[in-house]
Amino acid sequence: SKPQRGSVFILCIPTISSSSPNNAIQGNQLSTQIRIKENLNFLVVDDVVWNAQVFINYLQRLKGQTISATNGDEAVEKYKEAHLQKEPIDVIIMDYDMPVMNGKEAVINIRKYEKTKNLKPAFIIIVTGHVDQSIISECLNLEDGLGANSFLKKPVTFEQISLVLSRANL
């Protein structure tokens, strides 16, 4: 809300899709061509609780187990903790712009940890509302394989997440 400019409101209303059966979303199936493995472990990282909850809702539709963090530092700790408890994280949805530690720094720390422990790398999706080609390139093309795997611009839809995950070959 800004004086003399107005306010922006976001309202989410659950609805039933009137799509044809070929496009209906059922469980972990977006369409006949898109399939996503069930029971993946997800880490959702976003400092805005509302945004994190939207991603959690999407991932629950995919029958995944989800934990969340509110900043990059907390994400790194939760990632390590999941590994130590033998519940490794398969996919991380990481906001770029956060307090304490941003998404890029968190990705670097997670990738370094994976290398030192010789772990299978998590599939990392950076999400942000600020689309700047330099940020995208920076996050995806970090030196020594320390980068993210994919990038999505907010607001992100269930279909976008599903498509990226289906292409990830998890």
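The structure we're discussing is the one just above.
Note that the structure is predicted; figures quoted are calculated from it, not measured.

*Asks:* Can you tell me about the overall build of the protein chain, naming the residues and giving the values?
*Replies:* Along the backbone of the protein chain there are 5 helices and 5 strands. Counting from the amino terminus, helix and strand elements in the protein chain follow one another as β-α-β-α-β-α-β-α-β-α. The buried share of the protein chain, reckoned over its 170 residues, is 40%. Put simply, 71% of the contacts in the protein chain that link residues at least 6 apart link residues at least 24 apart.

*Asks:* Give a detailed account of the sheet that holds strand β1 (residues 41-45), specifying residues and quantitative values.
*Replies:* What links the strands of a sheet is backbone hydrogen bonding, and the strands pair in either a parallel or an antiparallel sense. Here 5 strands make up an open sheet; going across it, the order is β2-β1-β3-β4-β5 and the pairing parallel. For this open sheet the edge positions go to β2 (65-69) and β5 (150-153), each flanked by a neighbour on one side alone. The mean inter-strand angle of the sheet, taken between neighbouring strand axes irrespective of direction, is 20 degrees. When strand β4 (residues 123-128) meets β5, the two strands line up parallel, connected through 4 bridges. Following the sheet pairing, Thr128 is matched in β5 by Lys153. In the packing of helix α1 (residues 49-61) onto the sheet, the strands contacted are β1, β2, β3 (91-95) and β4, and the crossing angle to β1 comes to about 165 degrees. Set on the sheet, helix α2 (residues 72-84) makes contact with β1, β2 and β3; between it and β2 the angle comes to about 140 degrees.

*Asks:* Just give me the short version of α2, but keep the residues and values in it.
*Replies:* Between its terminal C-alpha atoms α2 stretches 18 Å, which fits the 18 Å expected from 13 residues at 1.5 Å a residue. Where α2 is concerned, the buried positions are Gly72, Ala75, Val76, Tyr79 and Ala82. Viewed along the axis of α2, the buried residues span an arc of 130 degrees, placing them on a single side of the element. The inward-facing, buried residues of α2 abut β1, β2, β3 and α3 (103-117).

*Asks:* I'd like a description of the packing of aromatic side chains, backed by residues and values.
*Replies:* As enumerated under the stated definition, the model contains 3 aromatic pairs in all. Ring centres of Tyr79 and Tyr113 lie 6.2 Å apart, and the angle between their planes is 85 degrees; this geometry places the pair in the edge-to-face category. With Tyr79 in helix α2 and Tyr113 in helix α3, this pair connects stretches of sequence that are 34 residues apart. For Tyr113, a relative accessible area of 10% puts it in the buried group. Ring pairing ties together the aromatic residues Phe55, Tyr58 and Phe158, which thus form one cluster.

*Asks:* An account of the pattern of salt bridges is needed here, citing residue identities and associated values.
*Replies:* For the coordinates displayed, the defined rule picks out 4 salt bridges. Of the charged contacts, one joins Lys154 and Asp46 as a salt bridge, the two residues approaching to 2.8 Å between their closest N and O atoms. Of this pair, Lys154 sits in the loop between β5 and α5 (158-167) while Asp46 sits in the loop between β1 and α1; the two residues are 108 residues apart in sequence, bridging distant segments of the chain. Residue Lys154 is classed as buried on the basis of its relative accessible area of 16%. With its nearest N and O atoms 3.0 Å apart, the salt bridge here joins Glu114 to Arg111. Note that Glu114 and Arg111 are positioned in helix α3 at a spacing of 3 residues, about one turn of the helix. For the pair Glu114 and Arg111, a shared accessibility class is recorded, and that class is buried.

*Asks:* If you had to explain the pairing of β1 to someone new, which residues and values would you point to?
*Replies:* Most of β1 is tucked away: 5 of the 5 residues are buried. Neither face of β1 is exposed, since Asn41, Leu43 and Val45 on one face and Phe42 and Val44 on the opposite face are all buried. Here 5 bridges tie β1 to β2, and the two strands are oriented parallel to one another. Along β2, the bridge assignment pairs Val45 with Ala69. Crossover handedness for the path β1 to α1 to β2: right-handed.

The rules behind the values
- Residues numbered from 1 in each chain as written.
- Predicted model: local features only at pLDDT ≥ 70, side-chain atom pairs only at ≥ 80, totals over all residues.
- Heavy atoms only, no water.
- Helix = DSSP H or I, 4+ residues; strand = E, 2+ residues; numbered from the N terminus.
- Buried < 20%, exposed > 50% of the residue type's maximum accessible area, 1.4 Å probe, protein only.
- Contact = heavy atoms within 4.5 Å.
- Pairing = 2+ DSSP bridges.
- Axes fitted to C-alpha atoms, helices over the stretch in contact; angles between N-to-C directions.
- Expected span 1.5 Å × (residues − 1).
- Arc of directions from axis to C-beta.
- Phe/Tyr/Trp six-rings, centres within 6.5 Å; stacked < 30°, edge-to-face > 60°.
- Salt bridge = Lys/Arg side-chain N within 4 Å of Asp/Glu carboxyl O.
- Right-handed = clockwise from strand over helix to strand, strands pointing away.

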